[in-house]
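Single-letter residue listing:
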Amino acid sequence: MGQVDIYWDMASRAVTIVSEAISACLFAQFMTPFLKKRRYAWEAGGVYFLVMLVIYLVPYEFSGTFANMAALLVVFAVICLRDRNDCCGQCGVTCQKSKGREIRNVEQKVFLVALMDLIEWFTHGITMIFRDILFYTVLFSEEIMNKPSMVYWGYYLVVEMIYVALRFVIMFFLFRLIDHVYIYKRENMDKRELALLLTVLLSVLAGHFAFNYFFQIYSLDDQWHMWNMNLAYNWIKALYQAASFAAILSSIVLYQSMKSSNRREKEEAVLEEQIASMKRHISEVETLYKDIRGIKHDMGNHVMVLESLWQKGSQQEAASYLANLKEEFQEVSSGFRTGNPVTDVILMEKEREARGKGIAFLCNFHYPEGGQVNAFDVSIILTNGVNNAIEGAMTCSRPYIRIESFQKNNAYLIEIKNCYTGKLLFDGETGIPMTMKADKEEHGCGIANIRKVARKYFGEIEIRQDGEDFVLHVMLMLQYPQ
């Protein structure tokens, strides 16, 4: 092999290796928001590159479509092995029972791997159009072809560098479009949703295999690449690929729209349940006030009875009567004085629930003074916040919940703090913590409803974890009547 031939071989190999490295990096970047940890995506991308590099060293017959599919199957295996649920599904946290961890969101991984294969094919097909234009206008021009061999090789190298750069730009652009329309990346995909998306993907994959099949048959028969004999081939394929990508993008938009609709329905269902709970609390408040009014009405009679017993010297009967009266007062008297009867009843109920589960319940909550705030909105914050706190505290050996409120001018802050032994994972899109429990979507709806209330009052929520302390802050900006 002459020196010039060595240079041509080196350039061809370099272009292939750099192209595969670009694909591996963009695959990893694309997968990152779908997986629990960033390193899982980059591990999968690294494995993809290594597999393609090894396959590149075997005979040509195993390259192309089958090589790419083999590498992506290895990628699928890697992300399935690495991206697993760290929970047994009973407590929502990492525990000893989770040794046999299940693969997380398998259906979504199937979709992503199939999608990545098609994106790589789309990129190659579209980029080949520009590569052909450069070849015919630059390398095949009479002026350039008459240049010395090394000069001509230099032009070839520049053209290939432009091709690699275009490949990067087009693949990056396609992945960015998918990333933009695929909003709920961390939510589970069920089998019906996968079937819906695969209906489009499999149709495109069928076209993918058909193009490759006819290309290989033509090449074997004529010993020439189809695009060398028929210049329209690459244009037809690129148009098919562009239309196919548009169809896939539309199917993802439809799928995400369905997800958004389902999420709204769940949030509304949770809200309706809380409205029913609020009505029950208001009914309890009315009953409480009715009992208090009844006792107040009878207070004069009670005083007269006690005076009569005392005058008759029946101290023992008077003490017994007084004890019964005291017990009756305790039954109708709330243990909380928050400044609003509705929040009194909610906190009394949540305290009873928490203490029944062995959770220490500390409360220094005061209803905001003077501001125009709806008791129903505050009840949504307390109900959802304390429910989540009880769920989290149950993971601890010494569980506790602490509720406090602070007010300065028109800024009103509610703090709900509890112990939590797990590690929070935050949804990159919503900023809401995720849980590994089966009902995690409803759990997220509770936090979403708290955020809705906060934003209604031009406020916001803050969620953080300090060691084993989980803290939820809810800020409301109150308005006062003029």
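A brief look at the structure comes next. What you see is a predicted model; the values in this text were computed from it and never measured.

1. Considering the pattern of salt bridges
Here is step 1 of the chain: All told, the structure shown has 21 salt bridges when counted by the stated rule.
Here is step 2 of the chain: A salt bridge links Glu107 to Lys191, with the nearest nitrogen and oxygen atoms 3.1 Å apart. Of this pair, Glu107 sits in helix H4 (residues 106–139) while Lys191 sits in helix H7 (residues 191–222), placing them 84 residues apart in sequence.
Here is step 3 of the chain: Salt bridges linked by common partners bring Asp83, Arg104 and Lys109 together as one network.

2. Some words on the sheet that holds strand S3 (residues 411–419)
Here is step 1 of the chain: Judged by pairing direction, the sheet is mixed, and its five strands sit side by side in the order S1-S2-S3-S7-S6 without closing on themselves. Looking at which strands have only one partner, the edges of the open sheet turn out to be strand S1 (360–364) and strand S6 (460–466). Recorded for the sheet is a direction-independent mean angle of 15° between the axes of neighbouring strands.
Here is step 2 of the chain: Where strand S2 (residues 400–408) and S3 come together, eight bridges link them in antiparallel fashion. Residue pairing in the sheet places Ile401 in a bridge with Asn418 of S3.
Here is step 3 of the chain: Contacting S1 and S2, helix H11 (residues 341–356) crosses the sheet at an angle of about 155° to S1.

3. Some points on the packing of aromatic side chains
Here is step 1 of the chain: Counted under the stated rule, the structure contains 11 aromatic pairs.
Here is step 2 of the chain: Both rings, one in Phe34 and one in Tyr182, keep their centres 5.0 Å apart while their planes meet at 85°; by these two values the pair is edge-to-face. A residue pair is termed long-range when its members are at least 10 positions apart, and Phe34 in the loop between helix H1 (3–31) and helix H2 (38–56) and Tyr182 in the loop between helix H6 (149–181) and H7 qualify at 148 residues.
Here is step 3 of the chain: Among the residues examined, Phe34 registers a relative accessible area of 0% and is labelled buried.
Here is step 4 of the chain: Among the aromatic residues, those joined into a ring-pair cluster are Phe27, Phe30, Phe34, Tyr48, Phe111, Phe175, Tyr182 and Tyr255.
Here is step 5 of the chain: The ring of Tyr163 carries the charged tip of Arg131 above its face, separated from the ring centre by 5.4 Å.

About the thresholds
- Numbering of residues begins from 1 in every chain and follows the order in which that chain's sequence is written.
- Owing to the predicted nature of the model, reporting of local features is limited to residues with pLDDT of at least 70; listing and counting of side-chain atom pairs is limited to 80 or more, with chain, interface and lining totals taken over all residues.
- Derived side-chain values reflect all non-hydrogen atoms in the structure, with water molecules and hydrogen atoms excluded from consideration.
- The rule for a salt bridge is simple: a side-chain nitrogen of Lys or Arg has to be within 4 Å of a carboxyl oxygen of Asp or Glu.
- Per the convention used, a helix needs a DSSP run of H or I reaching at least four residues, while a strand needs a run of E reaching at least two, with both numbered from the N terminus.
- Criterion used throughout: strands pair if DSSP finds at least two bridges between them.
- As a rule, the C-alpha atoms of each element are fitted with a line to give its axis, helices using only the stretch in contact, and angles between N-to-C directions run from 0 to 180 degrees.
- Contacts are assigned to residue pairs that have any heavy atoms within 4.5 Å of one another.
- Any pair of Phe, Tyr and Trp rings, taking the six-membered ring for Trp, is counted once the centres come within 6.5 Å. Such a pair is stacked with planes under 30 degrees apart, edge-to-face with planes over 60 apart, and tilted for the rest.
- Buried means the residue's accessible area, taken with a 1.4 Å probe over protein chains only, is under 20% of the maximum for its type, while exposed means over 50%, and partly exposed covers the values in between.
- Whether a charge sits over a ring depends on NZ of Lys or CZ of Arg being within 6 Å of the ring centre and within 35 degrees of the ring normal.

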